[in-house]
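Coordinate inspection notes
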Amino acid sequence: TRLILATRNAGKITELHAILADAGLTHDLVGADAYPDIPDVKETGVTFAENALLKAHALARATGHPAIADDSGLCVDVLGGAPGIFSARWAGAHGNDKANLDLLLAQLGDISDPHRRAYFACAAALALPDGTERVVEGRLEGTLRHAPAGGYGFGYDPILQPEGETRTCAELTPAEKNAISHRGKAFRALVPVVRELVG
Ligand code: ITT
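Residues numbered from 1 in each chain as written. Predicted model: local features only at pLDDT ≥ 70, side-chain atom pairs only at ≥ 80, totals over all residues.

The name given to the protein in an unreviewed UniProt entry is dITP/XTP pyrophosphatase, with Streptomyces argenteolus as the source organism. A UniProt comment under Sequence similarities (unreviewed entry) is attached to the protein, and it reads "Belongs to the HAM1 NTPase family." (UniProt positions renumbered as here; feature names shortened; annotations may be inferred.)

Quick look at the structure:
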């Protein structure tokens, strides 16, 4: 069965292929880029779950196939949960990972480690063309470093050190990150739902 991956973020796509294959999903995963005529979805929701559902519904409706979507971001305690749903465009331009990360580090300045708590959040949504929907969430808690480290991953990975780790997410191998990540948790929880509703 064809399953649409309702995202254009290359980092997410790489991770989702690995997470879903490891979880035993055998569907034919087709990215949103395979449908260039479908316009980008306006993320007007105020939560990760709302935005994930908006993206999944838009692609399911437009393609006639079941679609799964990821909405995710970094929530910093001392910033009241920001950048949160605005993580992809924190510095202005959408998807400029380096600028987003640099701005966030500048905003935190030299605030001490106990005040640098943050977590990654991911909402994983499934939508069917008939309007059926499900959404589940996952988190990865940690502390923000004072300088980036590591070359794996994407986004804010070089500055988030997961709780109990000595390395940043960008220093973990992709398999190590997926085993503990917000995205790994959310999509591993979504797999049985896909099995039930899509087959
Ligand atoms: P799509 O909407 O096409 O899926 P997007 O990049 O716009 O792509 P989001 O609105 O969900 O997706 O923004 C997610 C942002 O949160 C992403 O650009 C990163 O900056 C950050 N982020 C999410 N998951 C991350 C992860 O695992 N590691 C590092 N940063 C992450």
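Quick look at the pairing of strand β3 (residues 67-76)
Looking along a regular strand, one sees side chains alternate from face to face of the sheet. Taking burial as the measure, the 10 residues of β3 include 10 buried ones, the bulk of the element. The alternating pattern of β3 places Ala 67, Ala 69, Asp 71, Gly 73 and Cys 75 on one face and Ile 68, Asp 70, Ser 72, Leu 74 and Val 76 on the opposite face, and all of these are buried. Relative to β3, strand β1 (residues 2-5) is paired through two bridges, and the arrangement is parallel. By the bridge assignment, Leu 5 is partnered in β3 with Ile 68. Sheet topology places β3 next to strand β4 (residues 117-127); 10 bridges connect them, and they run antiparallel. (Buried ≥ 20, exposed ≤ 12 C-beta atoms within 10 Å, placed from the backbone. Helix = DSSP H or I, 4+ residues; strand = E, 2+ residues; numbered from the N terminus. Pairing = 2+ DSSP bridges.)

What to know about the UniProt feature "binding site: Mg(2+)" (unreviewed entry) in the protein
Here the UniProt-annotated "binding site: Mg(2+)" (unreviewed entry) positions come out as Asp 71. With respect to the helices, strands and loops of the structure, Asp 71 is situated in strand β3. Since 30 C-beta atoms lie within 10 Å of it, Asp 71 is described here as buried. Asp 71 has contacts with Phe 48, Asn 51, Ala 52, Lys 55 and Ala 123, leaving out every residue within four places of it along the chain. (Contact = placed C-beta atoms within 7 Å.)

So, the site of the ligand
The local shell around the ligand holds 24 residues, among which Thr 7, Asn 9, Ser 87, Ala 88 and Gly 155 are the closest. Of all the elements in the fold, those that place two or more residues in the shell around the ligand are β3 and α3 (97-108). Looking at the shell around the ligand, the element that brings in the most residues is β3, giving five residues. Among the residues making up the shell around the ligand, the classes are represented as six nonpolar, 10 polar and eight charged. (Near = placed C-beta within 6 Å. Nonpolar A, V, L, I, M, F, W, Y, C, P; charged D, E, K, R; others polar.)

Side note on the nonpolar core
Of all hydrophobic cores here, the largest spans 49 residues; its most connected members are Ala 6, Ala 52, Ala 56, Ala 67, Ile 68, Ala 124 and Ala 125. At the level of secondary structure, the elements contributing two or more residues to this core comprise β1, α1 (10-22), α2 (48-63), β3, α3, β4, β5 (133-144) and α5 (182-197). Looking at this core, the element that brings in the most residues is β4, giving nine residues. Excluding residues that lie within four positions of it along the chain, Ala 52 makes contacts with Ala 69, Asp 70, Asp 71, Ala 123, Ala 124, Ala 125 and Val 135. (Core = buried A, V, L, I, M, F, W, Y, C linked by C-beta atoms within 7 Å.)

Let's talk about unusual backbone geometry
Ala 82 connects to Pro 83 through a cis peptide bond whose omega is -5 degrees. Of note, Pro 83 is situated in the loop between β3 and α3.

Concerning the sheet that holds β1
Spatial strand order, β2-β1-β3-β4-β5-β6: six strands in an open sheet with mixed pairing. Since the sheet does not close on itself, it has two edges, and those belong to β2 (28-31) and β6 (160-162), each with one partner. For this sheet, the mean inter-axis angle between neighbouring strands, taken without regard to orientation, is 35 degrees. Contacts between α1 and the sheet are confined to β1, β2 and β3, with β2 contributing the most and set at about 170 degrees to the helix. (Axes fitted to C-alpha atoms, helices over the stretch in contact; angles between N-to-C directions.)

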